[in-house]
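Structural characterization, general
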Amino acid sequence: MTTDIWGWVHDTHEQLLDSGQYRLANALAEISGHAVDGRNEQLDAMFPEALASARALGLDWVEVFLRHWRLQNLLNKRHQGEQAMAEAVSLLEFAHREETAGCPQSVCAVQDFTICHANIDGPGYVSERLAVLEETLERVEPARACFDCLSREYADTLEDDGRAEATLAHLDRAQTRIQAAGQRVSLAFGHGRASALHRLGRYEEMLAALDTAEQAHTATGRPLDDDDRRKFAVNRARGLAALGRWAEALAQLPPAEEAQEYADLRHRWADTVERLAVAGHHPNDVELGARLADWVSYLDAAGSHRPCLDLALIAGRLAVRRGARTVALALVGTAERKLAVLRRTDGVAGPLAELRAAAEALPVAALPVAPGELLDWFATRAEAGGAEEPEADLDLLAAGWAAVGEPPAGDPAPATELLLNLAALLAALGQERTGAELLWARLDADPDHPDLPVVLGSVLIEARDAEGVRRLAERLATTAPGQAYWVRARWAEAEGRWAEAAELCAALLATDPERLAPRRLAARAGTELGDHPAAQRHYQELLARAADADVEQADLWHLVTAASANRDWAVVREVAGRLGFAFDGSEGPIDEELQLVTVRARRDNGSPADLPAVRTGPATARILPVLGDEVPLNHRDVVVFTPALLEPRPGEDAPAEEREGWRPTFELLTLLDPAGYTTHWIDGGWPGPEPWAELRAALETAGYGVWAYSGSEYRISDPADEDGSLPGLYAAVGIPPTASAADADALLHRLTAHWPHPLAWLDLATAAGADPTPHQRTITRYGL
């Protein structure tokens, strides 16, 4: 198997462009970068359309490529285990069919399959992983990139088996073979070596290996990208902390927010922070505990059993050090549940037993009042301005629940109220499944409590427990069908299944039209589905049925937004007046110049595009720049945006330039009135500020748009000086729908004929039917 994967990608990309499949071509070129750099949002936006296009065109090899890189993202960046297994198995089968076996990416499906098993239980699947990798490596030449990837996966498997020395020896052999084939090893080889050295306790060598890998990479002229930087930082912090070099470790440690965003950093980050916290160099507080518990819950839902257990041990040990008994025991419970599904438990069963003993040895909280008075005690403390102490309060609630018992007869509600508070606080601290287990047990004892299924449903959704949600909804379907609809609707909302959420809310509202929360969700579902008339109808119904005290300001804003999308200006004016807006006219469309804003749209690849705009109404704006094909908007298009600010206004302590340069940023909702501009590009020498200002003014007077994309750093070749350069200009010209390409071509010729250096607009000239030769000559002479 000798086909070069990236050569195939290049050729296929060109073929797709030639056949007019531009979006699929872009996806082919960009999806691997999104996958390995953790740009999950862009990948999720791109993948479904690209996969559907590849299948519609019968491009099986392209399908293999797209699915592999999505799996790489799911497995390596999102650390999915059982959650991704069905796709890993499906791709492995698809990639080895007769029609796909020759695809250079097919062999990588084996790596996806083994990584998925590693995420579930790396040590437990060592023999199976080694067997399939050995067989595959025999079929792959060392010159191929796949040999590098598979060799690293083999090394990871040896390390999971506790054979770190063998890991280093294997990496040495693989590197020798790769270099003998005339190739360089990937940067990830250095990280693999560092991991094995860390396991062996050879921390100085670990840091040296990282330095060597980075130097070898940058010596080729390739800088570290953001993903590389994060990996090196967290690995160096881990080694430095192991050496007790606390200040250096803290300096290298990525911010907690980065570990929150990039799941592949979390275990090494947590391992490092545990060492720092034990040494007194990092806060071991409630915030850290809640963050780690959230990560444990994420891995639990993803079916990554071994990583979940490993992280629960770290979080549990830190909870014990904080004296957080209930939190520590909840983490022990999660870890024990994971231990039960592992195939191999050596190395974790002992530490888990020690953690349980340490957690149980912590003192049970002494109650300040009788269990039945505990909630009143909390309320009195709050009224007196007493500070909440979440983990200590949780211990009190747990002690109260343990002590309350069941009265021989009478109302079970007071005991249930105590439990509801306990479960809600457990969920707030990241222990949703523990809270859910308590609520399930209580549901039989107090089946008529109105809040019990509501809180249980919320906790199950936060825990990402699909089976639990289904079980609760089925239980409620006969006794409380409205609650069953509501649980299912909220789960559909959490998973982004908006059509289903709308249907379920409609069924609920048909039987109970006075409910406000389902009407809000139905309206939001309408907005997400682009059904703005339905969204407006629901918000207007909500305002008509709700008492004034129950109407939230957000309801008014959402109604303004939906009515703007529907061009119902009378409703916009009436509701906006309640929000404090005043307009020049009293009827008809609202088209005023209120303020400069930023509208955040999405490029075709899913990445954000922040567009300057003029706010023309409460929820409308006119786009200012002339835009290319990658953004589905253009100059003077009027759009509707969602009302929530995406970025807060800088505080008074922010630098003056930051406060002065700030403008509100809103998310694009929909295109309202397209202006019909067509974009063409001009490129060439910078004429100076005065000629440029004259060109802009003349184009704008003629109804054209113009937007410069180049800055002072843009330079072009100077044909008069072989080694020299000239300041350049690269700009977009928006042609109005009233003008033709020929009109634009003639106008640009007239306006720039006297400039010292000519501009090129090859695509426009071609569209105008003009002679492209002068533009081709300019492109060549000035190196455009």
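Here we summarise the structure given alongside this text. (Residues numbered from 1 in each chain as written. Predicted model: local features only at pLDDT ≥ 70, side-chain atom pairs only at ≥ 80, totals over all residues. Heavy atoms only, no water.)

1. Quick look at the overall build of the chain
Counting its regular elements, the chain contains 36 helices and 10 strands. Scaling as 2.2 N^0.38, a compact globule of 784 residues should have a C-alpha radius of gyration of about 28 Å, and the chain matches this with 31 Å. Dimensions of the chain along its principal axes, counting C-alpha atoms only, are 95 × 80 × 55 Å. The proportion of buried residues among the 784 residues of the chain is 48%. Counting only carbon and sulfur atoms, one obtains 51% of the accessible surface of the chain, whose full area is about 35400 Å². Both charge centroids of the chain, one from 73 positive and one from 122 negative side chains, sit 3 Å from each other. (Helix = DSSP H or I, 4+ residues; strand = E, 2+ residues; numbered from the N terminus. Rg over C-alpha atoms; globule rule 2.2 N^0.38 Å. Buried < 20%, exposed > 50% of the residue type's maximum accessible area, 1.4 Å probe, protein only. Areas by Shrake-Rupley, 256 points an atom, 1.4 Å probe, with all protein chains shown as cover. Lys, Arg positive; Asp, Glu negative; His and termini not counted. Charge placed at Lys NZ, Arg CZ, Asp CG, Glu CD.)

2. Topic: the sheet that holds strand E5 (residues 665–673)
Taken together, 5 strands build a closed barrel; the order of strands is E1-E2-E3-E4-E5 and the barrel is mixed. Averaged over neighbouring strand pairs, the angle between their axes works out to 55 degrees when direction is ignored. As paired elements, strand E3 (residues 620–623) and strand E4 (residues 638–641) share 3 bridges and run antiparallel to each other. The residue bridging Arg622 from the neighbouring strand is Val638, located in E4. (Pairing = 2+ DSSP bridges. Axes fitted to C-alpha atoms, helices over the stretch in contact; angles between N-to-C directions.)

3. Some remarks on the side chain of His34
Counting through the fold element by element, His34 comes out in helix H2 (residues 22–37). In this structure His34 comes out as buried when scored by relative accessible area, which is 4%. Residues in contact with His34, not counting those within four places in the same chain, are Arg39, Gln42, Leu43, Met46, Asn73 and Asn605. (Contact = heavy atoms within 4.5 Å.)

4. With respect to the packing of aromatic side chains
According to the stated counting rule, one finds 13 aromatic pairs in the structure shown. Measuring from ring centre to ring centre gives 6.2 Å for Trp6 and Phe65, while their planes differ by 90 degrees; the resulting arrangement is edge-to-face. Linking Trp6 in helix H1 (residues 5–18) with Phe65 in helix H4 (residues 60–77), this pair joins segments that are 59 residues apart in sequence. What makes Phe65 buried here is its relative accessible area of 0%. Members of the aromatic cluster, each reached through a chain of ring pairs, are Trp6, Trp8, Trp61, Phe65 and Trp69. Its end group placed over the ring of Tyr262, Arg230 keeps NZ or CZ at 3.6 Å from the ring centre. Note that Arg471 overlies the ring of Trp440, its terminal NZ or CZ placed 3.7 Å from the centroid. (Phe/Tyr/Trp six-rings, centres within 6.5 Å; stacked < 30°, edge-to-face > 60°. Lys NZ or Arg CZ within 6 Å of the ring centre and 35° of its normal.)

5. Notes on unusual backbone geometry
Positive phi outside glycine occurs at Arg464, with the angle close to 60 degrees. With respect to the helices and strands, Arg464 occurs in the loop between helix H24 (452–462) and helix H25 (466–479). Residue classification places Arg464 among the partly exposed residues on the basis of a relative accessible area of 33%. If you check the backbone angles, Arg567 has positive phi at about 60 degrees while not being a glycine. Within the element layout of this structure, Arg567 appears in the loop between helix H30 (553–565) and helix H31 (569–578). For Arg567, a relative accessible area of 41% gives the class partly exposed.

6. Points about a negative patch on the surface
A cluster of acidic side chains, namely Glu652, Asp653, Glu657, Glu658 and Glu660, defines a negative patch on the protein surface. Residue placement: Glu660 occurs in helix H32 (residues 656–661). (Patch = residues over 30% accessible without salt bridge, like charges linked within 9 Å, V, L, I, M, F, W, Y side chains within 5 Å. Salt bridge = Lys/Arg side-chain N within 4 Å of Asp/Glu carboxyl O.)

7. What about the nonpolar core?
Membership of the largest hydrophobic core comes to 73 residues, with the highest contact counts inside it found for Trp269, Leu292, Leu439, Leu456 and Leu472. Looking at this core element by element, the count peaks at 10 residues for helix H17 (residues 305–322). Apart from the residues within four sequence positions on either side, Leu472 is in contact with Trp440, Leu443, Pro453, Leu456, Gly457, Leu460 and Val487. In this structure, Val551, Leu556, Trp569 and Val571 belong to the second largest nonpolar core, which totals 25 residues. (Core = buried A, V, L, I, M, F, W, Y, C linked by side-chain atoms within 4.5 Å.)

8. Considerations on the pairing of strand E8 (residues 715–718)
Sheet analysis places E8 next to strand E9 (residues 721–735), joined by 4 bridges and oriented antiparallel. Bridge assignment links Arg715 to a residue of E9, and that residue is Pro727. The turn joining E8 and E9, which pair antiparallel and follow one another in sequence, is formed by 2 residues.

9. Re H24
For H24, the set of buried residues is Leu452, Pro453, Leu456, Gly457, Val459, Leu460 and Ile461. Downstream of H24 by a residue or two, Arg464 has a phi angle that is positive, lying close to 60 degrees.

10. Quick look at helix H5 (residues 82–95)
Spacing of three or four residues puts side chains on the same side of an α-helix, whose turn is 3.6 residues. A rise of 1.5 Å per residue sets the reference length of H5, with its 14 residues, at 20 Å; its end C-alpha atoms lie 20 Å apart and thus fit the reference within 8%. For H5, every residue scored as buried is listed here: Ala84, Met85, Ala88, Leu91, Phe94 and Ala95. Close packing links the buried residues of H5 with H4 and helix H6 (108–121). (Expected span 1.5 Å × (residues − 1).)

11. Description of the environment of Val597
Position of Val597 among the secondary structure elements: in strand E1 (residues 595–602). Assessed through its relative accessible area of 0%, Val597 is described here as buried. Sequence separation between Val597 and Leu419 is 178 residues; the distance between their C-alpha atoms is 47 Å. Not counting the four nearest positions on each side in its chain, Val597 is found in contact with Leu611, Pro612, Ala613, Arg615, Ala621, Arg663, Pro664 and Phe666.

12. Considering the pattern of salt bridges
Going through the model one piece at a time under the given rule, you end up with 61 salt bridges. Residues Arg322 and Glu391 are paired through a salt bridge, measuring 2.8 Å at the closest nitrogen-oxygen approach. Residue Arg322 is found in helix H17, and its partner Glu391 is found in helix H21 (residues 390–404); the two are separated by 69 residues along the sequence. Judged on exposure class, the residue Arg322 and its partner Glu391 are both buried. Arg520 is the partner of Asp555 in a salt bridge, and the nearest nitrogen-oxygen pair spans 2.8 Å. Note that Asp555 is positioned in helix H30 and Arg520 in helix H28 (residues 517–528), a separation of 35 residues in sequence. Like Arg520, Asp555 is buried. Linked through salt bridges whose partners overlap, the residues forming this network are Lys77, Asp227, Arg230, Lys231 and Asp264.

13. Some points on the packing of H1 against H4
The N-to-C vectors of H1 and H4 enclose an angle of 120 degrees; their axes lie 12 Å apart at closest approach. Viewed along their axes, H1 and H4 adopt a mutual orientation that is oblique. Crossing geometry of H1 relative to H4 is assigned as left-handed. Between H1, through Ile5, Trp6, Trp8, Val9 and Thr12, and H4, the contact on the second element is made entirely by Trp61, Val62, Phe65 and Trp69. Looking at the contact of H1 with H4 residue by residue, the classes come out as 8 nonpolar, 1 polar and no charged. (Parallel < 35°, antiparallel > 145°, perpendicular 65-115°, else oblique. Left-handed = near helix turned anticlockwise from the far one by under 90°. Nonpolar A, V, L, I, M, F, W, Y, C, P; charged D, E, K, R; others polar.)

14. Some points on the pairing of E1
By the bridge criterion, 8 bridges tie E1 to strand E2 (residues 608–615) in an arrangement that is antiparallel. Note that in E2 the partner of Val599 across the bridge is Leu611. Two successive antiparallel strands, E1 and E2, enclose a turn made up of 5 residues, where Gly606 displays a positive phi of approximately 90 degrees. Inspection of the sheet shows E1 paired to E5 by 3 bridges, in the parallel sense. Note on E5: the bridge partner recorded for Val599 is Phe666.

15. Re the environment of Leu438
As for its placement among the helices and strands, Leu438 is situated in helix H23 (residues 432–445). When the C-alpha atoms of Leu438 and Leu420 are compared, they prove to be 9.1 Å apart, with 18 residues separating the residues in sequence.

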